[in-house]
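Descriptive analysis of the structure
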Amino acid sequence: LFRHRRLERSSGVNGIGNSLGRSLELKDIVLTSAPSGNEWIWWAAGALAAVLVIVQLFRAAPFSRAHRELSKIRKSSNFPADMNFWLKKYSMIFFGRDSCAGLQGAAWLEFLDMKGGTDFSDSRKIWDEMLYGGRIMTDLEKRELYRECRRWLRRIRRRKLWYI
C-alpha cells in the first residue's frame, strides 16, 4: 500500500504530481433531456431543401446557356441576324413554340416587349432596316441592342425562375 502511494505521488508531468491525473478522470455522460424522437423532421427538412436547390439549378440551366450564347453573339460578324435568331430561339424555349414561332416584324417586337418588359418596339425601324434592308449597325446600336437583350433575359429569368 505504501509503495503504491509513492508511485501515485511521483507520477505526473513536470512535477505536477497527482493533480493532473485526477482532472483527467472520465465521468459518466448524463443527458439533461431525453431525445424527443423528432429528428426525422430535421432530416426531412434538409432533404426538402436539397431537392428545391437541385430543381432550381435545373431550371436555371437554360438561362445560363442563353447568357453564354448572348456573349458569343456580341462578337459575331452577322450581329443583327444572329441576335434575332437568339431571341427567337430562347423565346420558343421559355414561352413555347405556339406563342412566338409565327411572329415577325412589329408583332414580334411587341411580343418581346410584353414578355420581357423591354423597349424593342421603340427601334422597330432600325430592326427592319438591319434585318431586311442590309443596313450596317453602328457600335452604339450594337451596344444598345446587346444591353436590351441582356435586360430581356434578366427579366424573363426573374419571372420564370423564381415562380414555382
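Since the structure is predicted, the reported quantities are computational estimates derived from the model, not experimental observations.

Here's the deal with the overall build of the protein
Secondary structure summary: the protein contains 8 helices and 0 strands in total. Along the protein, helices and strands appear, N-terminal first, in the series α-α-α-α-α-α-α-α. Residues classed as buried in the protein amount to 25% of the 164 residues present. Within the protein, counting contacts between residues at least 6 apart in sequence, those at least 24 apart form 58% of the total. Of the roughly 12300 Å² of accessible surface on the protein, a fraction of 58% belongs to carbon and sulfur atoms.

Regarding the nonpolar core
Formed by 26 residues in total, the largest nonpolar core has its most connected members in M83, W86, L87, F120 and W152. Counting only elements with at least two residues in this core, the list comes to α3 (39-73), α4 (79-95), α6 (105-116), α7 (124-132) and α8 (139-161). Looking at which element gives the most residues to this core, the answer is α4, with 7 residues. What M83 contacts, discounting residues up to four positions off in sequence, is L70, I73, L145, Y146 and C149.

A word on the confidence of the model for the protein
Reading predicted coordinates in detail is not appropriate for stretches of low pLDDT. Averaged over all residues, the pLDDT of the protein equals 78, while 79% of them reach at least 70. The element-level mean pLDDT for the protein is lowest in helix α1 (residues 2-10), coming to 51, with α4 highest at 87.

A short note on the packing of α3 against α4
Relative orientation of the contacting elements α3 and α4 amounts to 175°, with a least axis distance of 10 Å. Judged by the inter-axis angle, α3 sits roughly antiparallel to α4. For the pair α3 and α4, the contacting residues are P62, F63, R65, A66, E69, L70 and I73 in the first and F79, D82, M83, W86, K89, Y90 and F94 in the second. Classifying every residue of the contact of α3 with α4 gives 10 nonpolar, no polar and 4 charged.

Description of the packing of aromatic side chains
Here the structure, examined in full by the defined rule, presents 7 aromatic pairs. Taking 4.4 Å as the distance between ring centres and 10° as the angle between the ring planes, the aromatic pair formed by F63 and F94 counts as stacked. Here the residue F63 occupies a position in helix α3, and F94 occupies one in helix α4, the gap between them amounting to 31 residues. Its relative accessible area of 5% is what places F63 among the buried residues. Taking relative accessible area as the criterion, F94 reaches 10% and is therefore assigned buried. Aromatic rings pair up to connect F63, W86, Y90, F94 and W152 into one cluster. One cation-aromatic arrangement involves R74 over Y146; the distance from NZ or CZ to the ring centre is 4.3 Å. For K88, the ring lying beneath its charged end belongs to W108, and the centroid distance is 4.3 Å.

The rules behind each value
- Counting restarts for each chain, with residues numbered from 1 along the sequence as it is written.
- Confidence filtering applies because this is a predicted model: local features only for residues at pLDDT of at least 70, side-chain atom pairs given and counted only at 80 or more, and all residues used for totals across whole chains, interfaces and linings.
- Only hydrogens and water are removed before side-chain values are computed, so all heavy atoms of the structure are retained for them.
- Only DSSP runs of H or I with at least four residues qualify as helices, and only runs of E with at least two residues qualify as strands; both kinds are numbered from the N terminus onward.
- For every residue, the accessible area (1.4 Å probe, protein chains only) is compared with the maximum for its type, and the residue is labelled buried under 20%, exposed over 50%, or partly exposed between those bounds.
- Only heavy atoms enter the contact rule, under which two residues are in contact if any of them lie within 4.5 Å.
- In these tables, accessible area is a Shrake-Rupley quantity obtained with a 1.4 Å probe, and a residue counts as shielded only by the protein chains included in the view.
- The criterion is simple. A nonpolar core is a set of buried Ala, Val, Leu, Ile, Met, Phe, Trp, Tyr and Cys residues joined through side-chain atoms within 4.5 Å.
- Here pLDDT means the predictor's own confidence in every residue, given as a number from 0 to 100.
- Interaxial angles span 0 to 180 degrees and are taken between N-to-C directions of axes, which are lines fitted to C-alpha atoms, for helices over the stretch in contact.
- Orientation is classified from the angle alone, with under 35 degrees giving roughly parallel, over 145 giving roughly antiparallel, 65 to 115 giving roughly perpendicular, and any other angle giving oblique.
- We call Asp, Glu, Lys and Arg charged. Ala, Val, Leu, Ile, Met, Phe, Trp, Tyr, Cys and Pro are nonpolar, and the rest, Gly among them, are polar.
- Between rings of Phe, Tyr and Trp, where Trp is taken as its six-membered ring, a pair exists when centres lie within 6.5 Å; planes separated by under 30 degrees are stacked, by over 60 edge-to-face, and by other angles tilted.
- When the NZ atom of lysine or the CZ atom of arginine is within 6 Å of a ring's centre and also within 35 degrees of its normal, the charge is said to sit over that ring.

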